[in-house]
Amino acid sequence: MIPTARLALVALSAAILAACAPAPVKTPPPAAPAPEPAAPAPTPTAPKVVPATPEELARFRACIAGLRAPAEAAGVTDATFDRHALTLTPDMGVLPLLDRQPEFTTALWDYLAALVDSRRIAQGKERLATYAPLLAEVQTRTGVDPATVVAVWGVESDYGQNFGQRPLLQSLGTLACFGRRQAFFRSELFEVLKIVQRGDVRAEDLKGSWAGAFGHTQFMPSTYNRIAVDFDGDGRRDLVGSIPDALGSTANYLVKSGWRTGQPWGYEVIVPAGFNTALAGRTNRRALSEWQAMGVARVDGGSIDLPADTRAAMLLPTGREGPAFLVFKNYDAIYSYNAAESYALAISLLSNALRGEPGLRTPWPTDDPGLGRDERVELQRLLTARGYDVGAIDGVLGSASREAIRKEQARLGMAPDGRAGQKLLRQLREGR
Ligand code: CA
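Residues numbered from 1 in each chain as written. Predicted model: local features only at pLDDT ≥ 70, side-chain atom pairs only at ≥ 80, totals over all residues. Heavy atoms only, no water.

S.K.: Explain the nonpolar core here, please?
M.R.: If you look at soluble globular proteins, the nonpolar side chains tend to sit buried side by side. One finds L67 and L112 to be the most contacted residues of the largest nonpolar core, which totals 91 residues. Counting residues per element, this core draws most heavily on helix α17 (residues 341-354), which supplies 9 residues. Among all residues touching L67, those that are not within four sequence positions of it are F81, A176, C177, R186, L189 and F190. Of all hydrophobic cores here, the second largest spans 16 residues; its members include V269, L306, M314 and L326. (Core = buried A, V, L, I, M, F, W, Y, C linked by side-chain atoms within 4.5 Å. Buried < 20%, exposed > 50% of the residue type's maximum accessible area, 1.4 Å probe, protein only. Helix = DSSP H or I, 4+ residues; strand = E, 2+ residues; numbered from the N terminus. Contact = heavy atoms within 4.5 Å.)

S.K.: Please explain the pattern of salt bridges as it appears in this structure.
M.R.: Oppositely charged side chains may form a pair once their charged atoms are brought near each other. Under the criterion given, the structure shown has 31 salt bridges. Close ionic contact of R68 with D82 constitutes a salt bridge, the shortest N to O distance being 2.7 Å. Taken together, the residues span a long stretch of sequence, with R68 in helix α4 (residues 68-73) and D82 in helix α5 (residues 78-84) at a distance of 14 residues. You can call R68 partly exposed: its relative accessible area is 30%. For D332, the salt bridge identified is with R285, shortest N-O distance 2.9 Å. Taken as a pair, D332 in helix α16 (residues 329-338) and R285 in the loop between β3 (266-270) and β4 (286-287) lie far apart in primary sequence, 47 residues in all. In terms of burial, D332 and R285 fall into one category: buried. (Salt bridge = Lys/Arg side-chain N within 4 Å of Asp/Glu carboxyl O.)

S.K.: So what exactly am I meant to see when it comes to the pairing of strand β6 (residues 311-315) here?
M.R.: In summary, the side chains of a regular strand alternate between the two faces of the sheet. Across the 5 residues that make up β6, a large majority, 4, are buried. Pairing of β4 with β6, which is carried by 2 bridges, proceeds in the antiparallel orientation. Counted as the bridge partner of R286 is A312 from β6. In the sheet, β6 pairs with strand β7 (residues 324-327) via 3 bridges, with the strands oriented antiparallel. Within β7, the residue paired with A313 across the bridge is V327. (Pairing = 2+ DSSP bridges.)

S.K.: What exactly am I supposed to notice about the coordination of the calcium ion here?
M.R.: Surrounding the calcium ion are the protein donor atoms D230 (OD), D232 (OD), D234 (OD), R236 (O), D245 (OD) and D245 (OD), at 2.2 to 2.9 Å. One can describe the site at the calcium ion as irregular: its 6 donor atoms subtend angles covering 49 to 160° at the metal. Of note, the donors binding the calcium ion are all from one chain and are spaced D-x1-D-x1-D-x1-R-x8-D. Given the relative accessible area of 36%, D232 is considered partly exposed. Relative accessible area serves as the criterion here: at 31%, R236 is assigned to the partly exposed category. (Donors = N, O, S within 2.8 Å, 3.2 Å for Na, K, Ca; no water. Tetrahedral: all angles 85-135°; square planar, octahedral: opposite > 155°, others 65-115°.)

S.K.: Would you take a moment to explain the sheet that holds β3 for this structure?
M.R.: The strands making up a sheet are joined through hydrogen bonds of the backbone, oriented either antiparallel or parallel. If you walk across this open sheet you meet the 5 strands as β4-β6-β7-β3-β5, and the pairing is antiparallel. With partners counted over all chains shown, the strands left at the sheet margins are β4 and β5 (297-298), one partner each. Here β3 pairs with β7 via 4 bridges, running antiparallel. Paired with G266 across the two strands is V327, which belongs to β7.

Dropping the structure here:
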């Protein structure tokens, strides 16, 4: 696929981009949570359970009872099934999420501003320091460098600060019996029951996003069973309670996805004059030497110390205008984690920031850059001070914040699109 400005503006949802993914860790194709703000949002309390009608409840009970035999065939004992599945009640609230369309499309620069923001960079550097011995051990045993591992951790669960709040068994049980992807979710339900059965994680500690991704690394249960490692050697693969297991498993995922030790994910590059943009796209691989012959070079003038025949692809995420990237095999490994260009770029750019590298040289094609979470909090405070009820001041811009933004934009003569950018923040700061 050729990333274009249109693509960047229209749909940075994993939902759409996941279609071409081989086997992402956590994307439950084809629907995914709306990409705004894309980062796991702080949710201090679990969303309210939507109870089933008596008729739905009867259907659910019959459905679950009918899963006992296939679960057993998948390796779930009757005892495990009866204790953890037969006792479930559905949460009908997860079903609308299956078909949810993003209500607010997010430009790539806004997505990145929220994910690769000053808070995540600062906290990531703290994690690098705190877990330096562990990360060194992960690197020794897997070949994956600390900054990459920590960047995945930061984007997936905000360094363990946000796992999602929905009881996983309940979500998966519901999705296994209602909605249009029951076969997929049944299989994930059996996988998560096996995790409980093995004693890796207690059932009550299994909380996650609505679709089943959970823990520090936000693995789906099937990914968990395939990829998770007992890095701390206590006999359990615990990606909820053990940071060593979580970080070791993240690295293991990247290794299984083709990680090349010591190679960079890619570089920001200059686009040569007259460059044929049809050559861009992650799957349009050419030898590094071919790109270099066309005039592709690092924006900072640095050398690319890789063999001339290294396969590489050009990314122009917002078309000819905006930053361009030459990416290698490790970018694909990161991409496989969640099968979206926006996601892979966020991890890659966060990893650069965690290494202390400077940010992008080329600006994104906008005169109104996006806001990080601290700036979103500030914006919510300013809106509150003006009498708007934006709900919790948490940096997550929900519908109440959007509505307040629209009203202020209209008042200030801006296009009332509900988007939070630097221009609006500046005007409100200045008391306009
Ligand atoms: Ca362990």
